[in-house]
Amino acid sequence: MSRRAKKAAPTSGAARPTVTVCRGTTAKVPHLDHEAQLTDLRTQLTGVAMVRRTDCLDACERANVIVIQPSAEGRKAGGRPVWLGQVNDPDAAADITAWVKDGGPGLVKPPGILDLYTFSPSRRVRHELED
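Each value, and the rule that gives it
Residues numbered from 1 in each chain as written. Predicted model: local features only at pLDDT ≥ 70, side-chain atom pairs only at ≥ 80, totals over all residues. Heavy atoms only, no water. Helix = DSSP H or I, 4+ residues; strand = E, 2+ residues; numbered from the N terminus. Contact = heavy atoms within 4.5 Å. Buried < 20%, exposed > 50% of the residue type's maximum accessible area, 1.4 Å probe, protein only.

Peer 1: What am I meant to see in the environment of threonine 54 here?
Peer 2: Position of threonine 54 relative to the elements: it lies in strand S2 (residues 50–54). Separated by 33 residues in sequence, threonine 54 and valine 21 place their C-alpha atoms 6.1 Å apart. Beyond its immediate stretch of four places on either side in the chain, threonine 54 contacts Thr20, Val21, Cys22 and Arg23.

Peer 1: What is the right way to read unusual backbone geometry from this model?
Peer 2: Peptide bonds are, in most cases, trans, and in most cases residues other than glycine have a negative phi. Of note, the amide linkage connecting alanine 63 to asparagine 64 takes the cis form, showing an omega dihedral of -10 degrees. Structurally, asparagine 64 is set in the loop between S2 and strand S3 (66–69). The phi torsion at aspartate 58 lies on the positive side, around 60 degrees, for a residue other than glycine. Structurally, the position occupied by aspartate 58 is in the loop between S2 and S3. Classification of aspartate 58 by relative accessible area gives partly exposed; the value is 40%. Of note in the backbone geometry, glutamine 86 takes a positive phi value of approximately 55 degrees without being a glycine.

Written out as structure tokens, the structure reads:
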């Protein structure tokens, strides 16, 4: 019998929502301060959601892309990740922040304006993010 400690079983879903931000590039969206957008999301969602940056979500034609994954509670309530593209306006980021603070996917309906940003990525891309 091994003396190594067993790893804890993975939990199903994060306790808090996860906000994944594709860093985007100045070439694709030159008028947006990408670092400021990320910093603002992190500041506004401290203690509410995990905010992480990724180099690519394979949806460059929709830069900047933000994915909101539900909390464990939101997932139990039927929430699924929501993909938002062309989030290049501070007002859109503010709407996202307010929605996530209120509970996010599965717990609270998103503001109607976010329908303009919502899209469905390919199945392959969705599975890569969830892994």
